[in-house]
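Architecture and fold: a report
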Amino acid sequence: MRHFLSLYDFTKEEILEILSLAIKIKKEAKIKNYIPYLQHQSLGMLFEKSSTRTRISFEVGMYQLGGKSLFLSSSDLQLGRGEPTRDSARVMGRMIDMIMIRTFDQKVLDEFAKFSGIPVINGLTDKYHPVQLMADYLTMIEQGKDKNPVVAYVGDGNNIAHSWMMLAGKLGFELRIATPKGHEPWQEIINDAKEISAISGAKIMYTNDPKEAVHKADVVTTDTWLSMGQEDKKNQKIEEFAGYMVDTNMMKLAKSDAIFLHCLPAYRGYEVSEEVLENYANIVFDEAENRLHVQKGIMVWLEEKRCLKS
Ligand code: CP
Ligand code: NVA
C-alpha cells in the first residue's frame, strides 16, 4: 500500500504515471464521463487548518469518482480533545478507505500512515504541499512548459518552496529559489533536494536576489508571505519581504512567453501585484482547477496500488 505524503517518496516515473492518469480522468470529466473508479469508497478529509481549494476539490473529486467524502474538523473530533492520534487513525482505518489530512506537523501524517492501515494523502503540512505541486506541474504540461523548464520561486522558503524543490529534484529541471535572508528553505529539505538532484540532474539554486532567480525563467511563481499559523508575524514579514513582490517589472526579466503560477489564496500588493495576478488569471485558475483533476488521479492511483498488493 502506498501513501501520498511527500514527492520525496516517489520516482520520476511514478509522478509522470499519476499525471498521465490525471490527464485521462480530466479528459473524461470534460465530457461528463464520470467513471466510478472509487465506487462506494469513503474519503476522510481531516482539517486542522482552513481551506477552500483542498476541501472543495477533494470532496467534489471523490463524488465524481463514485465515492463519498467526510469533512472532519479536528476541533469537532475527539482528536481535538486529546484522543491519541494513533487511536484516531486506527478507528478511521476501520471505517473509511482513504484519508486526506491538512495539519501542522508532518509527524501527524506519519502516525496516520503507520496506524490507520489505509492510504494517507498530505493535504498540506508546514513542511510540504505535494498535491498542489502535482496540479502546478499539470498546468505546466498544459502550457507547454514541461520541456527542461527554468522555474523561479520568489518568496518565503515554506511548504510550497519545499514542494517545488522535491518536484524539481525528482523530475530533473532547473529551479531557482529566491528568499529574503532568514527565510530560506529548511536545511533538511535542502539536503534531501541535493540528494535527489544528484540522481535526476536537477539544478536547484538558492539566492537572496529575486532578479537573479527570475532572469530568463520560463515559469515564475510565489506564495503568501504569511502561511497559516503565522498571522502574528505579519508586520515583521512585510518589512523583511520588501522587494519580493512579483510585479510586472519582475515578470519582464523572465522570458517573454513566461507564465506565472500561484497556488492561491493570493494577497495582492504583497507577494504578487494585482496586475500580474489578473494578467495571468486564466493560467492561475486553471492551476486551481487542476487540483480537482490531479487529486482524482492520485486517489485512483493509490487505490490501484492497494489492489495490486492485496
Ligand atoms: N492552495 C490551497 O491549498 O488552497 P486552500 O488553502 O484553499 O486549500
Ligand atoms: N504556504 C501556505 C500555502 C497555502 C495553500 C500556507 O501554508 O498557509
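Residues numbered from 1 in each chain as written. Chains lettered and ligands numbered in written order. Predicted model: local features only at pLDDT ≥ 70, side-chain atom pairs only at ≥ 80, totals over all residues. Heavy atoms only, no water.

Brief notes about the sheet that holds strand 6 (residues 174-178)
To keep things clear, this is the line we draw: Strands pair, by our definition, only if DSSP identifies at least two bridges between them. The way it works is that DSSP assigns letters per residue, a run of H or I at least four long becomes a helix, a run of E at least two long becomes a strand, and they are numbered from the N terminus. Axis lines are fitted to C-alpha atoms, over the contacting stretch for helices. Their N-to-C directions set the angle, which ranges from 0 to 180 degrees. In this analysis, two residues are considered to be in contact whenever any of their non-hydrogen atoms come within 4.5 Å of each other.
Taking strand neighbours across the sheet as the criterion, the five strands line up as 7-6-5-8-9 in an open arrangement whose pairing is parallel. Because the sheet does not close on itself, it has two edges, and the strands there are strand 7 (203-207) and strand 9 (259-262). Looking at each pair of strands side by side, their axes are set apart by 20° on average, direction ignored. One ladder, built from four bridges, connects strand 8 (residues 219-222) with strand 9; its direction is parallel. If you follow Thr222 over to strand 9, its bridge partner there is His262. Here helix 6 (residues 159-171) sits on the sheet in contact with strand 5 (150-154), strand 6, strand 7, strand 8 and strand 9, set at roughly 160° to strand 6.

Observations regarding the site of ligand 2
Quick reminder of the rule: Neighbouring residues are identified by heavy atoms, a residue being near a molecule or strand if any of them is within 4 Å of it. For the purposes of these results, a polar contact is taken to be a pair of N or O atoms within 3.5 Å, where, inside protein, one atom must be able to donate a hydrogen and its partner to accept one; residues adjacent in sequence count only when each atom of the pair is a side-chain atom. Surface exposure here means Shrake-Rupley accessible area, sampled with a 1.4 Å probe, where a residue is shielded only by the protein chains that are shown. As a working rule, the residues Ala, Val, Leu, Ile, Met, Phe, Trp, Tyr, Cys and Pro are called nonpolar, Asp, Glu, Lys and Arg charged, and the rest polar, with Gly in that last group.
In the vicinity of ligand 2, the residues found are Leu124, Asn158, Asn159, Asp223, Thr224, Ser227, Met228 and Leu264. One of the side-chain nitrogen or oxygen atoms of Asp223 is found 2.6 Å away from a nitrogen atom of ligand 2. Here Ser227 contributes a side-chain N or O atom positioned 2.7 Å from a nitrogen atom of ligand 2. Starting from 270 Å² of accessible surface for ligand 2 in isolation, the protein chains cover 95%. Class assignment of the residues belonging to the shell around ligand 2 gives a composition of three nonpolar, four polar and one charged.

Some words on the nonpolar core
Stated formally: We call a set of buried Ala, Val, Leu, Ile, Met, Phe, Trp, Tyr and Cys residues a nonpolar core when their side-chain atoms join them within 4.5 Å. Only protein chains enter the accessibility calculation, which uses a 1.4 Å probe. A residue is then buried if its area is under 20% of the maximum for its type, exposed if over 50%, and partly exposed in between.
With 80 residues, the main nonpolar core has Phe4, Ile121, Met134, Trp164, Phe260 and Met299 as its most contacted residues. Here this core gets nine residues from one element, more than from any other, and that element is helix 12 (residues 281-309). Setting aside anything within four residues of it in sequence, one finds Trp164 in contact with Leu133, Asp136, Met140, Val151, Tyr153, Phe173, Leu175, Thr221 and Leu261. Counting 15 residues, the second-largest nonpolar core is a separate cluster that includes Ala89, Ile101, Leu109 and Val120.

Here's the deal with the packing of helix 3 (residues 85-95) against helix 4 (residues 106-115)
Cut-off, in case you're wondering: Throughout, the term roughly parallel applies to angles under 35 degrees, roughly antiparallel to angles over 145, roughly perpendicular to angles from 65 to 115, and oblique to all others. Should the near helix be turned anticlockwise from the far one by less than a right angle, the crossing is termed left-handed; should it be turned clockwise, right-handed.
Their axes nearest at 8 Å, the elements helix 3 and helix 4 cross at an angle of 45°. If you check the angle between helix 3 and helix 4, you find them oblique. For the pair helix 3 and helix 4, the sense of crossing is right-handed. Contacts from Thr85, Arg86, Ser88, Ala89, Arg90 and Met92 of helix 3 reach helix 4 at Val108, Glu111, Phe112 and Phe115. Across the contact of helix 3 with helix 4, the residue classes break down as five nonpolar, two polar and three charged.

So, the environment of Thr125
Turning to its location among the elements, Thr125 is positioned in the loop between strand 4 (120-122) and helix 5 (130-142). Taking relative accessible area as the criterion, Thr125 reaches 0% and is therefore assigned buried. Considered as a pair, Thr125 and Pro84 are 41 residues apart in the sequence and their alpha carbons are 19 Å apart. Among the polar contacts listed, one links the side chain of Thr125 to the side chain of Gln106, at a separation of 2.6 Å. At a separation of 3.1 Å, a polar atom in the side chain of Thr125 contacts the main-chain amide nitrogen of Lys127.

A few points about the pairing of strand 2 (residues 68-73)
Selection rule: Classification remark: right-handed applies to a crossover when, strands pointing away from the viewer, the course from the first strand over the helix to the second runs clockwise.
Bridging between strand 1 (residues 42-47) and strand 2 involves six bridges; their strand directions are parallel. The partner of Ser42 across the bridge, within strand 2, is Lys68. With helix 2 (residues 53-64) bridging strand 1 and the parallel strand 2, this β-α-β connection has right-handed handedness.

Some details on the side chain of Lys237
Along the chain, Lys237 turns up in helix 9 (residues 234-240). What makes Lys237 buried here is its relative accessible area of 3%. Engagement of the side chain of Lys237 in a polar contact is seen with the side chain of Gln230, the distance being 2.8 Å. When neighbours within four sequence positions are excluded, Lys237 is seen to be in contact with Asp156, His183, Trp225, Leu226 and Gln230.

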